[in-house]
Amino acid sequence: MNKAEVLKEIIEQRKSIFPKDYTDAEISKEILDEILNAATCAPNHKRTKPWRFKVFKGEEKSKLALEMQAIYKATQPEQLFLEKKYNDIGFKINKADVVVSIVVNFSGMVPDWEEIAATSMAVQNMYLTCTANEVGCYWSSPKIVDYLKESLTIEENQKCLGLFYMGMV
């Protein structure tokens, strides 16, 4: 197969795979580094590299699950609180081997939409690299990520666009 055929196959196979379908196997450090490095190869106007990723694994990931559950509980009106959704938040994070926060940094050098587009392309590169390495993944953007500013140390010119879940399938 030539490069174009391989690329076409990877693009066609790319899909969201959710934590319920992940195994307990770990993603190797080499593959995780490859996935994150691929993200940094995304095109970006004026080389602003607007993406900011924080990797959550192990104990940090467990803390993230508890924090997200607490945020959900604190921000939901009592009559709209769903125990199933609360439990699902913890399950998805804990079932994933790795969770990566997706944050865009607005440089002020280019329009905001270009920074968001570049960050989205970085995530697409992560998706494609996961597919090539048979790693399941998906990008989730629940409203509660807006409240993660402190744990992610998000600055005023930044916005969390969601979380990228990864696990072996």
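A quick note: this is a predicted structure, and the numbers were derived from the prediction, not measured. (Residues numbered from 1 in each chain as written. Predicted model: local features only at pLDDT ≥ 70, side-chain atom pairs only at ≥ 80, totals over all residues. Heavy atoms only, no water.)

1. Regarding the sheet that holds strand 4 (residues 158-168)
Here is step 1: Ordered by their spatial adjacency, four strands build an open sheet running 1-2-4-3, and the pairing between neighbours is antiparallel. Looking at the sheet topology across the chains shown, the edges are occupied by strand 1 (51-56) and strand 3 (135-140). Sheet twist, expressed as the mean angle between neighbouring strand axes with direction ignored, is 25°.
Here is step 2: Relative to strand 2 (residues 98-105), strand 1 runs antiparallel, the two sharing six bridges. Residue Phe53 lies in a different strand from strand 2, and its bridge partner there is Ile102.
Here is step 3: Sheet strands touched by helix 3 (residues 58-75): strand 1, strand 2 and strand 4. Its angle to strand 1, the strand with the most contacts, is close to 105°. (Pairing = 2+ DSSP bridges. Helix = DSSP H or I, 4+ residues; strand = E, 2+ residues; numbered from the N terminus. Axes fitted to C-alpha atoms, helices over the stretch in contact; angles between N-to-C directions. Contact = heavy atoms within 4.5 Å.)

2. Remarks on the pattern of salt bridges
Here is step 1: Scanning the entire structure with this criterion turns up nine salt bridges.
Here is step 2: The shortest N-O distance in the salt bridge between Asp146 and Lys159 comes to 3.4 Å. Taken together, the residues span a long stretch of sequence, with Asp146 in the loop between strand 3 and strand 4 and Lys159 in strand 4 at a distance of 13 residues.
Here is step 3: Asp146 sits in the partly exposed class, given a relative accessible area of 25%.
Here is step 4: On the accessibility criterion, Lys159 (39% relative accessible area) is partly exposed.
Here is step 5: In this structure, a network of salt bridges that share partners links the residues Glu26, Lys57 and Asp97. (Salt bridge = Lys/Arg side-chain N within 4 Å of Asp/Glu carboxyl O. Buried < 20%, exposed > 50% of the residue type's maximum accessible area, 1.4 Å probe, protein only.)

3. Description of the side chain of Lys61
Here is step 1: With respect to the helices and strands, Lys61 occurs in helix 3.
Here is step 2: For Lys61, which is buried and forms no salt bridge, the nearest opposite charge comes from Asp97, at a distance of 6.0 Å.
Here is step 3: Dropping the residues within four chain positions of it, Lys61 is found in contact with Phe56, Ile93, Asn94, Ala96, Asp97, Val98 and Val99. (Lys, Arg positive; Asp, Glu negative; His and termini not counted.)

4. Quick look at the packing of aromatic side chains
Here is step 1: Under the defined criterion, the tally for this structure stands at five aromatic pairs.
Here is step 2: Relative to Tyr138, the ring of Phe18 has its centre 4.7 Å away and its plane inclined at 65°; by these criteria the two rings are edge-to-face. Taken together, the residues span a long stretch of sequence, with Phe18 in the loop between helix 1 (3-13) and helix 2 (29-39) and Tyr138 in strand 3 at a distance of 120 residues.
Here is step 3: Under the relative-accessibility criterion, Phe18 is labelled partly exposed at 39%.
Here is step 4: Through successive ring pairs, a cluster of aromatic residues spans Phe18, Tyr138 and Tyr165.
Here is step 5: Cation over ring: Arg14 sits above Tyr127, and NZ or CZ is 4.2 Å from the ring centre. (Phe/Tyr/Trp six-rings, centres within 6.5 Å; stacked < 30°, edge-to-face > 60°. Lys NZ or Arg CZ within 6 Å of the ring centre and 35° of its normal.)

5. Focus: the packing of helix 2 against helix 5 (residues 112-132)
Helix-helix packing is described using two parameters, namely the angle between the two axes and the distance between the axes.
Here is step 1: Where helix 2 contacts helix 5, the two axes come as close as 7 Å, and the packing angle between them is 145°. Remark: the crossing between helix 2 and helix 5 carries right-handed chirality. Of the residues in helix 5, those in contact with Glu34, Ile35, Leu36, Ala38 and Ala39 of helix 2 are Ala122, Asn125, Met126, Thr129 and Cys130.
Here is step 2: Residue classes in the contact of helix 2 with helix 5 are distributed as seven nonpolar, two polar and one charged. (Left-handed = near helix turned anticlockwise from the far one by under 90°. Nonpolar A, V, L, I, M, F, W, Y, C, P; charged D, E, K, R; others polar.)

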